[in-house]
Amino acid sequence: MIATQTVKVGKYRKVENNRICLWNRNHLPASGFSIGTPIDIEVGRQHWGGAGEGTEKVLTITIGNSDSRRKVSKVSNHGNTLPVIDLKGDIVHGMGTHVVVEYHENRILIRPVD
């Protein structure tokens, strides 16, 4: 694993719309996610505890092929251009107020904190 961080699930436009925004100069490029890199996002479930304890939503972001619909975007912050992955709407619905982001080589895992 390259890095782990806790990120707040924000809001956009209307109060009911959730947003997770990943942008930094170190973790994304070190994981292989540079500006313009095509990405694929898979929504899954992770089981925890004993039988019937529960499940949580998990997002897995991987490097996609050249015809992937989504790509790593860019943002300018204090004159520096940084890579950004901006997740909005239904894909982040039900993730809680904070998420844990794990950066691996060519893969990012996002799961709720609680």
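Before reading on, note that the structure itself is shown above.
What this report covers is the structure whose coordinates are included nearby. (Residues numbered from 1 in each chain as written. Predicted model: local features only at pLDDT ≥ 70, side-chain atom pairs only at ≥ 80, totals over all residues. Heavy atoms only, no water.)

A few points about the packing of aromatic side chains
Step number 1: Counted according to the given criterion, the structure contains zero aromatic pairs.
Step number 2: Over the face of the ring belonging to Y12 we find K88, whose NZ or CZ atom lies 5.3 Å from the ring centre. (Phe/Tyr/Trp six-rings, centres within 6.5 Å; stacked < 30°, edge-to-face > 60°. Lys NZ or Arg CZ within 6 Å of the ring centre and 35° of its normal.)

Observations concerning the nonpolar core
Step number 1: I20, L22, I61, I85, L87, I108 and I110 are the most contacted members of the largest nonpolar core, which has 21 residues in total.
Step number 2: Listed by contribution, the elements that provide at least two residues to this core are β1 (3–8), β3 (14–23), β5 (54–63), β8 (80–88), β9 (98–104) and β10 (107–112).
Step number 3: Considering each element in turn, this core owes the most residues, three residues, to β9.
Step number 4: If we ignore the near neighbours within four places in the chain, the residues touching L22 are V7, L28, I61, P83, V84, I85, V101, Y103, I108 and I110. (Core = buried A, V, L, I, M, F, W, Y, C linked by side-chain atoms within 4.5 Å. Buried < 20%, exposed > 50% of the residue type's maximum accessible area, 1.4 Å probe, protein only. Helix = DSSP H or I, 4+ residues; strand = E, 2+ residues; numbered from the N terminus. Contact = heavy atoms within 4.5 Å.)

Brief notes about the environment of V43
Step number 1: Mapped onto the elements of the fold, V43 is located in strand β4 (residues 38–48).
Step number 2: C-alpha separation for the pair V43 and I110, spaced 67 residues apart in sequence, amounts to 9.7 Å.
Step number 3: Those residues in contact with V43 that lie beyond four places of it in its chain are K57, V58, L59 and I91.

Overview of the side chain of S31
Step number 1: Residue position: S31 is located in the loop between α1 (27–30) and β4.
Step number 2: Engagement of the side chain of S31 in a polar contact is seen with the backbone oxygen of H27, the distance being 2.9 Å.
Step number 3: Sequence-distant contacts of S31, that is, excluding residues within four places in its chain, are made with I2, Y103, H104, E105, N106 and R107. (Polar contact = N/O pair within 3.5 Å; in protein donor to acceptor, adjacent residues only side chain to side chain.)

What about the pattern of salt bridges?
Step number 1: By the definition in use, this model includes three salt bridges.
Step number 2: A salt bridge links D86 to K88; the nearest nitrogen and oxygen atoms lie 3.8 Å apart.
Step number 3: The exposure class of D86 is partly exposed, given its relative accessible area of 28%.
Step number 4: For K88, a relative accessible area of 37% translates into the label partly exposed.
Step number 5: In this structure, R111 and E102 form a salt bridge, with 3.8 Å as the shortest nitrogen-oxygen distance. (Salt bridge = Lys/Arg side-chain N within 4 Å of Asp/Glu carboxyl O.)

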